[in-house]
Amino acid sequence: MRVVCLSLILGIALSGCGETVEPVRFAMPTNAASPIERIYTPVTSISVREVTLPSYATEEGIALADAGGAIELVPDQLWADDAARSVTLRLTGVLARMTGRQVASDPWPFRDDPQAIVDVRFESFIAEEAGRFVAEGRYYVAQSDETLGDHAHGFRLVQRFDPDAGFAAIAAARSGVIAGLAADIARRGLR
């Protein structure tokens, strides 16, 4: 009986020592090599403030919304970087490529002040289980040239993805939404 109990205790102890599964991290693809539409803007320097995101979108885990709107964080599927930082940097990079202008995120790294400041505030920023990444909110553009004026615009962007393609497809859709937002800012905000 003592041998059986010792074997049982040893078996339970060893089962707890199994291999732990590390979470998988996903980065947004930058698509830096892909062709991008060039959009003219009259300003030559643009500062992008760190974006504000809903609390669920600032979490390390990837958030998914079901058909009823309930949001769940997937604990073992994580973003590779801080959400606000990665979205801001992606937006900055795409704006720079689209406009061909000097674009940087805050804190502004250059000697002369920027001619435009972009401030983006997301109300929703979520992947839906049905295969859509939805971003909605407002952005504000303050321009130093009074003839250009300041701008405030609402946006709603949807990027479809294949739900069966996994979390890499969500990361690509997230990146696509940000590229769409950059194009909207360049066309409507930086005028």
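Here, every reference points to the structure presented above.
Residues numbered from 1 in each chain as written. Predicted model: local features only at pLDDT ≥ 70, side-chain atom pairs only at ≥ 80, totals over all residues. Heavy atoms only, no water.

Caption draft 1: Expanded view of empty space enclosed by the protein. Evaluated as defined, the whole model comprises one cavity of 30 Å³ or more. Computed from the structure, the largest cavity encloses a volume of approximately 80 Å³. If you go around the largest cavity, the residues you meet are Tyr56, Ala57, Gly61, Ile62, Ala63, Trp79, Phe125, Ile126, Ala127, Phe133, Ile170 and Arg174. Only β3 (61-65), β6 (116-128) and α3 (167-189) provide two or more residues apiece to the lining of the largest cavity. Its residues assigned to classes, the lining of the largest cavity comprises ten nonpolar, one polar and one charged. (1 Å grid on protein atoms, 1.4 Å probe; cavity = no way out; pocket = protein on both sides within 12 Å on 5 of 7 lines; lining within 4 Å. Points joined across faces, edges and corners; volume = space filled by probe spheres on them. Helix = DSSP H or I, 4+ residues; strand = E, 2+ residues; numbered from the N terminus. Nonpolar A, V, L, I, M, F, W, Y, C, P; charged D, E, K, R; others polar.)

Caption draft 2: Spatial organisation of the packing of aromatic side chains. Per the stated rule, a full pass over the model turns up six aromatic pairs. Three or more aromatic residues link up through ring pairs in this structure, and these residues are Phe122, Phe125, Phe133, Tyr139 and Phe155. Between Arg174 and the ring centre of Trp79, over which it is positioned, the NZ or CZ distance is 3.8 Å. (Phe/Tyr/Trp six-rings, centres within 6.5 Å; stacked < 30°, edge-to-face > 60°. Lys NZ or Arg CZ within 6 Å of the ring centre and 35° of its normal.)

Caption draft 3: Structural context of the packing of helix α2 (residues 83-99) against α3. At a minimum axis separation of 9 Å, α2 and α3 run at an interaxial angle of 50°. It follows that α2 is oblique to α3 by the angle criterion. Judged by the twist between their axes, the crossing of α2 over α3 is right-handed. Residues Ala83, Ser86, Val87, Arg90, Leu91, Val94, Leu95, Met98 and Thr99 of α2 lie in contact with α3, whose contacting residues are Arg174, Ser175, Ile178, Ala179, Leu181, Ala182, Ala183, Ile185 and Ala186. (Axes fitted to C-alpha atoms, helices over the stretch in contact; angles between N-to-C directions. Parallel < 35°, antiparallel > 145°, perpendicular 65-115°, else oblique. Left-handed = near helix turned anticlockwise from the far one by under 90°. Contact = heavy atoms within 4.5 Å.)

Caption draft 4: Quick look at the environment of Ala27. Relative to the elements of secondary structure, Ala27 occurs in the loop between β1 (24-26) and β2 (45-48). Exposure remark for Ala27: the relative accessible area of 54% places this residue in the exposed category. (Buried < 20%, exposed > 50% of the residue type's maximum accessible area, 1.4 Å probe, protein only.)

Caption draft 5: Here's a closer look at the side chain of His153. As for its placement among the helices and strands, His153 is situated in strand β8 (residues 151-160). Overall, the relative accessible area of 18% leaves His153 in the buried class. At a separation of 3.2 Å, a polar atom in the side chain of His153 contacts the main-chain carbonyl oxygen of Arg188. Dropping the residues within four chain positions of it, His153 is found in contact with Gly137, Arg138, Tyr139, Arg188 and Gly189. (Polar contact = N/O pair within 3.5 Å; in protein donor to acceptor, adjacent residues only side chain to side chain.)

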